[in-house]
Amino acid sequence: MLVKVMRVVAVALTIGIGMGSAAMADGFKDCTKLDKASWKPASEAEAKAKALGYEVRRSKIEGSCYEVYGVKEGKLYELFYSPEDLSLKHTIAK
């Protein structure tokens, strides 16, 4: 009986943790429907962030966006650019 209860609790915790991490994800993922072969280089998104005064730490692809991590006035930001036209779609202050 105890083993069965522990198994149910373990499954419930696993499901809860999975749902919690998905709910906590704050990434903006929908920037373009354009095929990746047609995307502009990520370095151009980084250059746009630098032009706005951010110290770029790194960048990555998040969904169909370029996600650029930058620091401005001592605060960390995530900037989401469309790889289609390099327009800034969303900004998150951390």
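Residues numbered from 1 in each chain as written. Predicted model: local features only at pLDDT ≥ 70, side-chain atom pairs only at ≥ 80, totals over all residues. Heavy atoms only, no water.

Draft legend 1. Layout of the sheet that holds strand 1 (residues 55-62). Taken in spatial order, the four strands line up as 1-2-3-4 in an open sheet, and their pairing is antiparallel. Every interior strand has two partners, whereas the edge strands, strand 1 and strand 4 (88-93), have only one. Taking the axes of each pair of neighbouring strands and ignoring which way they run, one obtains an average angle of 20 degrees across the sheet. Taken together, the seven bridges between strand 1 and strand 2 (residues 65-72) define a ladder with antiparallel strand orientation. Pairing of glutamate 62 across the sheet is with cysteine 65, part of strand 2. Running over the sheet, helix 2 (residues 42-51) touches strand 1, strand 2 and strand 3 (75-81) and is turned about 30 degrees from strand 2. (Pairing = 2+ DSSP bridges. Helix = DSSP H or I, 4+ residues; strand = E, 2+ residues; numbered from the N terminus. Axes fitted to C-alpha atoms, helices over the stretch in contact; angles between N-to-C directions. Contact = heavy atoms within 4.5 Å.)

Draft legend 2. Examining the state of the cysteines more closely. For the coordinates displayed, the defined rule picks out one disulfide. The disulfide partner of cysteine 31 is cysteine 65, and the S-S distance across this bridge is 1.9 Å. Taking the sign of the torsion about the S-S bond as the criterion, the disulfide between cysteine 31 and cysteine 65, at about 95 degrees, is right-handed. Of this pair, cysteine 31 sits in the loop between helix 1 (2-24) and helix 2 while cysteine 65 sits in strand 2, and the two are 34 residues apart along the sequence. The same class applies to cysteine 31 as to cysteine 65, namely buried. (Disulfide = S-S within 2.5 Å. Buried < 20%, exposed > 50% of the residue type's maximum accessible area, 1.4 Å probe, protein only.)

Draft legend 3. Local environment of the environment of glutamate 44. In this structure, glutamate 44 sits in helix 2. Residue glutamate 44 is classed as partly exposed on the basis of its relative accessible area of 35%. For the pair glutamate 44 and tyrosine 81, spaced 37 residues apart in the sequence, the C-alpha separation amounts to 9.8 Å.

Draft legend 4. Highlighting the environment of phenylalanine 28. Structurally, phenylalanine 28 is set in the loop between helix 1 and helix 2. With a relative accessible area of 26%, phenylalanine 28 lands in the partly exposed category. Taking the C-alpha atoms as reference points, phenylalanine 28 and serine 64, 36 residues apart in sequence, are found 8.9 Å from one another. Discounting chain neighbours no more than four positions away, the residues touching phenylalanine 28 are Glu62, Cys65, Phe80, Lys89 and His90.

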